[in-house]
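Structural overview
What follows is the residue order along each chain.
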Amino acid sequence: MTGHTIGFIGTGVLASSMIRGICSSGELSHTRIVTSPRNAAISSELAAAFENVSVASSNQEALDACDWAVISVTPKLGEAVVRELNFRPNHTVISLLATKRLDTVKSWMPPVGRMFRMVPMPFIAHRVGPITLFPAAPDMEEFFGRLGRVITVEEEPQVELTNAITSVTNATYTVIRDVADWGAKNGLPPGASRDYTIAYFEAMLSQISGKYADELPRFVEERTPEGVNDTVMKMISSRGGFALWTEALDAAIKKIRADYM
Ligand SMILES: NC(=O)c1ccc[n+]([C@@H]2O[C@H](COP(=O)([O-])OP(=O)(O)OC[C@H]3O[C@@H](n4cnc5c(N)ncnc54)[C@H](OP(=O)(O)O)[C@@H]3O)[C@@H](O)[C@H]2O)c1
């Protein structure tokens, strides 16, 4: 039991992923959670699945019942929803609104105890993946650190850079799919090729995960000269294959920042 009651204003994909992560986490699983009535199907399903989750009859009731309030509606609805709420001065507010900086959200409400911007990903349901946090706070890092890897940033525009990094998702899955398809086209049974490829990528990531992160430069460079890894590296880099990824990220951050108002 953490002693906190977390209220979710908006119970959609991300709120339900966070709630599932919290409720399956052992240490945090008895945290009291109050959701807004919308979405009705999702909130009632969560309340039926977990005894510590209840559904409030209004957004205000969810807010009144909690000390940590998560703003988890879509950015477009954020202002209208937040302006209608009566916050207490001692509320801790966590905004998930993707295209709104904290100063903007603050301008819609009276001053509250603390405000954070957070970017969890739906993987949080399985207690994995990065969770961007701004600004730093040890209790937030401790709580959410049990639900994923908290990456605290020192300046708010850095939140947007972490958003941009997630834009390589489809491209990365495409690389994995194409590698597996290549194996299958060349004679491996398709299932074996897919399973081998995924297990190989998983193992590569595990070698640079957590405390092994400093090993990344070594793994980039370590290969036999004129070996097959060397062949692949030379062909992809000489045709601009790697440069294209960072150019694409430049385009992604530009698009993300253009959405801010
Ligand atoms: N999904 C992601 O991967 C992701 C990643 C990073 C950040 N975010 C951010 O997280 C926030 C939530 O995203 P999401 O993907 O969870 O969106 P979502 O699935 O659309 O959920 C938003 C929820 O808000 C509810 N809602 C609508 N009007 C409301 C109101 N007046 N009062 C209370 N609830 C209301 C909706 O209910 P109805 O269904 O009844 O309309 C819906 O359940 C967004 O600000 C987004 O920018 C999302």
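Quick look at the structure, then. Everything numeric here is computed off the predicted structure, so don't read it as measured data. (Residues numbered from 1 in each chain as written. Predicted model: local features only at pLDDT ≥ 70, side-chain atom pairs only at ≥ 80, totals over all residues.)

Right, let's talk about the site of the ligand for a bit. Taken together, 24 residues sit near the ligand, with Gly 10, Gly 12, Leu 14, Asn 39 and Ala 98 positioned nearest. Mapped onto the shell around the ligand, the elements with two or more residues apiece are α1 (13-23) and α4 (75-83). The class makeup of the residues in the shell around the ligand is 15 nonpolar, eight polar and one charged. (Near = placed C-beta within 6 Å. Helix = DSSP H or I, 4+ residues; strand = E, 2+ residues; numbered from the N terminus. Nonpolar A, V, L, I, M, F, W, Y, C, P; charged D, E, K, R; others polar.)

If you walk across this open sheet you meet the eight strands as β3-β2-β1-β4-β5-β6-β7-β8, and the pairing is mixed. Unpaired on one side and paired on the other, β3 (53-55) and β8 (149-152) mark the two borders of the sheet. Going across the sheet, the axis of each strand differs from the next one's by a mean of 25 degrees, ignoring polarity. Where strand β4 (residues 68-71) meets strand β5 (residues 92-95), four bridges bridge the pair, whose relative direction is parallel. Each residue of the ladder has a partner; that of Ala 69, found in β5, is Val 93. Along the sheet face, α1 touches β1 (5-9), β2 (32-35), β3 and β4 and points at about 160 degrees away from the line of β2. (Pairing = 2+ DSSP bridges. Axes fitted to C-alpha atoms, helices over the stretch in contact; angles between N-to-C directions. Contact = placed C-beta atoms within 7 Å.)

A few words now on the pairing of β8. Here strand β7 (residues 130-134) runs beside β8; their pairing, made up of four bridges, is parallel. Within the sheet, the bridge partner assigned to Thr 132 lies in β8 and is Ile 151. The parallel pair β7 and β8 is bridged by helix α6 (residues 138-144), and the resulting crossover is right-handed. (Right-handed = clockwise from strand over helix to strand, strands pointing away.)

Here the focus is the packing of helix α7 (residues 157-165) against helix α12 (residues 241-258). Where α7 meets α12, the axes come as close as 9 Å, and the angle between the chain directions of the two elements is 125 degrees. Taken together, α7 and α12 sit at an angle that is classed as oblique. In the crossing of α7 with α12, the sense of the turn from one axis to the other is right-handed. Contacts from Glu 160, Leu 161, Asn 163 and Ala 164 of α7 reach α12 at Leu 249, Ala 252, Ile 253, Ile 256 and Arg 257. (Parallel < 35°, antiparallel > 145°, perpendicular 65-115°, else oblique. Left-handed = near helix turned anticlockwise from the far one by under 90°.)

A few words now on the packing of helix α8 (residues 169-185) against helix α9 (residues 190-207). Two quantities define a packed helix pair, namely the angle between the helix axes and the distance between the axes. Taken N-terminus to C-terminus, the directions of α8 and α9 make an angle of 140 degrees; their axes are 8 Å apart at the nearest point. The angle between α8 and α9 places the two elements in the oblique class. Here the hand of the crossing between α8 and α9 comes out right-handed. Every residue of α9 that contacts α8 at Ile 176, Val 179, Ala 180, Gly 183 and Ala 184 is listed here: Pro 190, Ser 193, Arg 194, Tyr 196, Thr 197, Ile 198 and Phe 201. Class assignment of the residues belonging to the contact of α8 with α9 gives a composition of eight nonpolar, three polar and one charged.

Geometric descriptors of this kind do not, in isolation, establish any biological role.
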